[in-house]
Each structure stands twice: as C-alpha cells, then as structure tokens.
Amino acid sequence: MRPRHIGNASLVSSAETLGLYIYDLSNTSAAVFCSCLMHSDNTIAFCEPDQRVSLSAVDAQTPPVYTDDPLIPKQWGLQALGVQTPWSRHIVGYQGVRVCLMDSGIDLSHPDLQQNLYSNPGEVPGNGIDDDGNGIVDDVHGAAFLNGQKSNDINDQNGHGTLVAGVIGATTNNGIGIAGVSWNVSMMACRFMDASGQGQLSDAVSCYDYCLTQRAHIIHNSWGSAEFSQALSVAFQALSNRDVLVVTSAGNDGADTDTVYHYPSGFSAMYKTVLSVGAIDQSLALASLSNYGAKTVQLSAPGISIEGLALGGQYVVESGTSFAAPAVTAMAVMLYGYLKLNHSINIDTQNVATLIADAILNGTSPYPDTSYTGKTAQGFAYLPGSLTSLDAGLAAVNYQTTAIGGAVGVVVGIVIGLVAMFFIMLLAFYLYVRYQKSRSPIDEQAASLDRN
Ligand SMILES: [Ca+2]
Ligand SMILES: [Ca+2]
C-alpha cells in the first residue's frame, strides 16, 4: 500500500496485482513528482507520466483509407464489397490466378496496371517467333481476334477493357490512382472488341478457345448480345466441363432477362459456374439501368460512378454493369488465392469453380430496400460473407484427399474438352464464313459492350 498523499499529489487508484499506483498530478508537475519520489523511496522501480491512447478502429465519420492510392476515398464500391477485413487479413489475391479478359484489350502502358499483367510462360517476348506454337507470334500478355484475324495486338483502342481491368486489379499501394479489388492477379487480354466497342461472336468464340488454351481460371465478360447463338452455347458447355469460372455482366437495358434474351449472361441460368452480375448504386439499390431476373442475374455489385483507369494513363468515372462484374471477378480471384495460400489446394488441378461460385452467391448481402429482393437470385456481392461460405464449403468437401479422383476428373475433362473444342472450331469457322459472305449489319451477330 502506498501513501494517499505525496507532496501535492494524491492517490487516485491502484492496480495491486500489478504493483502499480496512480496519482493525480494536477497540482504539481510529473517531472518534479517523479524526481522527488525516486530519490526518497528506493522501492519505486519507475515513475512515468500518463498518456492518451486511442482505438485502432477507423473513425466512422471519415472515409476509410486502406492504402496509399490517392483516389481510394472515391472508390465507394470497396466499402460495399467489405474488402477492409479481408485486406487486413492479407487476403489480397494471388498472382497464380489467371483471368482472361474478353474485351477491347488493355492499355499496356498504363502505370497503374503494370504489376498484374499475365506473362505467357511459353513465349519469349519480342523474338518474332510463335514459341508456344498456338498460332500467334509473341502473345505475351494475351491475343486479339478481330474479324477472323488473329494477332498479339491487344492494345486497347476503346478504353473499356482498361477500365474493367483496373477494377479487377489496378496496382494497389503504389501511391498513384486507384486500388484494385484484388491486389494480386494475372490478367491476360483477349481483344475481340474494336475501337467502337463492337465485335463479332465468331471472334468471341475464338477468345474462349484461347482463354482455355492459356488455362485461365476465370473468364471475364463485360459485354453482351441480344441474340442466342448455338456457337456460344457450345463454348459455354465446354467451359463448364473444364471447370472454368465465367463472370458476365447482366447488361444495361433495365430489362428482365428471364424473358428478354441477353447473352452470355443468360447462360448463368444453365451453369453453376457462370455468374451474371447486375449493378447497384451507392444506396445499395439495384440501379435502374441494370438488367435483372431471378434466373439470369445471380447477384449485383457496385456499378454506378465507378472510379477507373482510362487510356493514356488517365482516370475516369463511369457506370454500367460492365464495371460491376469485374468486382465479382476480383472476389473470385481472392477466393482462388485463399484456397491456394490458406488451404494449400492446388487450384490448377482441383475442380473448384463451383465451390467458389457457390461461396460468392451464399455470401451475398440482402438489399436494404426489400423491394429489390428477388430481382436477382441473391443480393449484392460481399467478400467477408463469401469467405465464410467458402470455409463452410471446404468443410463439406475434402479437397486434400482426392488425388486419384482428381486425376480421373482431369482426364475426363480433357476428353470432353477436346470434343467440345472440335465443335467450337467448326462453328467458329461457320460464323466466320457467314461473316465474310454477309455484309449486312442486320445479318451479322454483333455484340456490344455493357457500358452505359
Ligand atoms: Ca504463341
Ligand atoms: Ca494504384
């Protein structure tokens, strides 16, 4: 027990088990009090002034700043997706996850996009040789299929593909621009949209083939067509057989796509590995421009006033389901990375696309305004919920002990895939011939970008 008064200081309280005593120094100074005490009492180990401390939580009144990317306070979608907790747990994606971006290409020179570009391990850059024998010389970061002509020119002449790529995986914590939802990812471009944002389905089919040969885990589609295509249907059967996750934008017609065609998002009604994504605004309401449909639109994600990358190293704010879908692709990247890095699951040999699609859907948040409930099969994308659902899904299926079954699955998958590829090639050729013969815009199956 210590004396109640020492000079002008009085005892306030004590923490006896710790041997600590607290004195009120409002009538004296800490320096004078401590000096006198230490000289007068050799049983005192130390004497120090009090300190003000604060909670580690972010002040709820100010926009949270998670990274040093200066535009991040404007990226409202990151908060809606709930990235803060996963990011703080270092769940930030994985470079081993390959995303094939079927769009208008990528601005390869954008400084906020350099870190997360895929590099084809089978190609020696710039040697003018088709090293991997896939028919395209120096396809290092992807390939282009335009009007039946293939090349390595994936340079974006529209801007759409670059914006989509930035939502998925702009370089984060580099002190410039925006943060990508997934800090780590390998993005390859398959460019089949021209400078005006138009492309042919025959070229899209070639892109699906290319994405498969490059062993993409996820194929991203922020585009759509109002017509059904048998060739696309065959492609999606093959993608499902090969366990590739496909993320599509729901489209911007404000229409019910359960009754009005929109493809490829419509294939989400047929395959569990295909997700169609609508757009929400900052009030977490389904945007009026967004297509909807309980069968053909599974969920939504932030898609209004999205801060993104523009051509020439610039930044732009745009809206549309085109920019909602890449948030879901990025979440899928993070879930693939979580399986690999936190659970040591070989994502190149284990079939996990269905597991991840289920986790994304089961982890969604409901719309605050219940009048939107049922407009989409589930609510809006929410990363923490998806991680919890993924853990639950993993507990139900043991992916560690299925080596034999996995090997059989791969062989069967390859056989089925090869058969499907044969049909795709036939149909792609058919579409190409038809394009060459028919110059009427009405007869061509044109696809367009889902930008508003
Ligand atoms: Ca090549
Ligand atoms: Ca950045």
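Parameters and conventions
- Residues numbered from 1 in each chain as written.
- Chains lettered and ligands numbered in written order.
- Predicted model: local features only at pLDDT ≥ 70, side-chain atom pairs only at ≥ 80, totals over all residues.
- Helix = DSSP H or I, 4+ residues; strand = E, 2+ residues; numbered from the N terminus.
- Buried ≥ 20, exposed ≤ 12 C-beta atoms within 10 Å, placed from the backbone.
- Contact = placed C-beta atoms within 7 Å.
- UniProt positions renumbered as here; feature names shortened; annotations may be inferred.
- Pairing = 2+ DSSP bridges.
- Axes fitted to C-alpha atoms, helices over the stretch in contact; angles between N-to-C directions.
- Core = buried A, V, L, I, M, F, W, Y, C linked by C-beta atoms within 7 Å.
- Parallel < 35°, antiparallel > 145°, perpendicular 65-115°, else oblique.
- Left-handed = near helix turned anticlockwise from the far one by under 90°.
- Nonpolar A, V, L, I, M, F, W, Y, C, P; charged D, E, K, R; others polar.
- Expected span 1.5 Å × (residues − 1).

1. Describing the overall build of the chain
Move 1: Looking only at helices and strands, the chain features ten helices and 16 strands.
Move 2: Counting all 452 residues of the chain, 47% fall into the buried class.
Move 3: Across the chain, every contact between residues at least 6 apart in sequence was considered, and the portion connecting residues at least 24 apart equals 72%.

2. Some words on the UniProt feature "active site" (unreviewed entry) in the chain
Move 1: As recorded in UniProt, the feature "active site" (unreviewed entry) lies at Asp103, His160 and Ser322. In three dimensions, the annotated residues from a span of 220 residues occupy one location, with a maximal C-alpha spread of 10.2 Å.
Move 2: One can find His160 in helix α4 (residues 160-169).
Move 3: If sequence neighbours within four positions are ignored, His160 has contacts with Asp103, Ser104, Met193, Gly197, Ser322, Leu449 and Arg451.
Move 4: With respect to the helices and strands, Ser322 occurs in the loop between β15 (314-318) and α7 (325-343).

3. Looking at the sheet that holds strand β13 (residues 299-302)
Note: strands within a sheet are paired through backbone hydrogen bonds, in either parallel or antiparallel orientation.
Move 1: Sheet architecture is open: eight strands sit in the order β6-β5-β7-β4-β9-β11-β12-β13, paired in mixed fashion. Looking at which strands have only one partner, the edges of the open sheet turn out to be β6 (149-151) and β13. Sheet twist, expressed as the average angle between the axes of neighbouring strands with direction ignored, equals 25°.
Move 2: Sheet analysis places strand β4 (residues 93-103) next to strand β9 (residues 218-221), joined by four bridges and oriented parallel. Looking across to β9, one finds that Val99 is bridged to Ile218.
Move 3: Across the face of the sheet, helix α5 (residues 201-213) comes into contact with β4, β5 (142-146), β6, β7 (184-191) and β9 while running at roughly 160° to β5.
Move 4: Against the sheet, α7 makes contact with β4, β7, β9, β11 (245-249), β12 (274-280) and β13, and its axis sits at roughly 150° relative to β4, the strand it touches most.

4. Regarding the nonpolar core
Move 1: Counting 111 residues, the largest nonpolar core has Leu101, Cys190, Val328, Met331, Ala332 and Ile356 as its most contacted members.
Move 2: Counting residues per element, this core draws most heavily on α7, at twelve residues.

5. A closer look at the packing of α5 against helix α6 (residues 230-241)
Move 1: Close contact between α5 and α6 brings their axes to 10 Å; oriented N to C, the two are set at 15°. Classified by the angle their axes make, α5 and α6 are roughly parallel. You can see that α5 and α6 cross each other, and the crossing is left-handed. Across the interface between the two elements, Leu201, Val205 and Tyr208 of α5 pack against Ala231, Leu232, Ala235 and Leu239 of α6.
Move 2: Here the contact of α5 with α6 is built from residues that sort into seven nonpolar, no polar and no charged.

6. With respect to the sheet that holds strand β2 (residues 9-15)
Move 1: Across the sheet, which stays open at both edges, the three strands sit in the order β1-β2-β3 with antiparallel pairing between neighbours. Each edge of the open sheet carries a strand with a single partner, namely β1 (5-6) and β3 (20-24).
Move 2: One ladder, built from two bridges, connects β1 with β2; its direction is antiparallel. Within β2, the residue paired with His5 across the bridge is Ser10.

7. Focus on unusual backbone geometry
Move 1: With omega at 10°, the peptide bond leading from Tyr263 into Pro264 counts as cis.
Move 2: Topologically, Pro264 is positioned in the loop between β11 and β12.
Move 3: Positioned with a positive phi, Arg215 is a non-glycine residue whose angle comes to about 60°.
Move 4: Its place among the elements puts Arg215 in the loop between α5 and β9.
Move 5: Although it is not a glycine, Ser305 adopts a positive phi angle of roughly 55°.
Move 6: Structurally, Ser305 can be placed in the loop between β13 and β14 (306-310).

8. Focus on the environment of Tyr210
Move 1: Along the chain, Tyr210 falls in helix α5.
Move 2: Distance from Tyr210 to Cys190, taken between C-alpha atoms, is 7.7 Å for residues 20 residues apart in sequence.

9. A few points about the pairing of β15
Move 1: Where β14 and β15 come together, five bridges link them in antiparallel fashion. When the bridges of β15 are listed, Leu309 appears paired with Tyr315.
Move 2: In this structure, the hairpin formed by β14 and β15 is closed by a connection of three residues, where Gly312 is found at a positive phi of approximately 75°.

10. Structural notes on the environment of Ser322
Move 1: Overall, the presence of 32 C-beta atoms within 10 Å leaves Ser322 in the buried class.
Move 2: Spatially, the C-alpha atom of Ser322 lies 7.1 Å from that of Val164, the residues being 158 residues apart in sequence.
Move 3: Filtering out sequence-adjacent residues up to four positions away, Ser322 remains in contact with His160, Val164, Ser222, Ser249, Leu449, Asp450 and Arg451.

11. Some points on α7
Move 1: Given a rise of 1.5 Å per residue, 19 residues ought to cover 27 Å, and the 26 Å separating the end C-alpha atoms of α7 matches this to within 8%.
Move 2: For α7, a buried count of 15 out of 19 residues is recorded, marking the element as mostly surrounded by other parts of the structure.
Move 3: Phi turns positive, to about 55°, at Ser344, one or two residues after α7.

12. Topic: the pairing of β5
Move 1: Within β5, four of the five residues are buried, which leaves it mostly tucked inside the rest of the structure.
Move 2: Pairing between β5 and β7: three bridges, direction parallel. Looking at β7, one finds that Ala144 is bridged to Arg191.
Move 3: Bridge analysis of β5 against β6 gives three bridges, and the strand direction is antiparallel. Among the inter-strand pairings, Ala144 is bridged to a residue of β6, identified as Ser151.
Move 4: Between β5 and β6, which pair antiparallel one after the other, the connecting turn spans two residues, and Asn147 there sits at a positive phi close to 50°.

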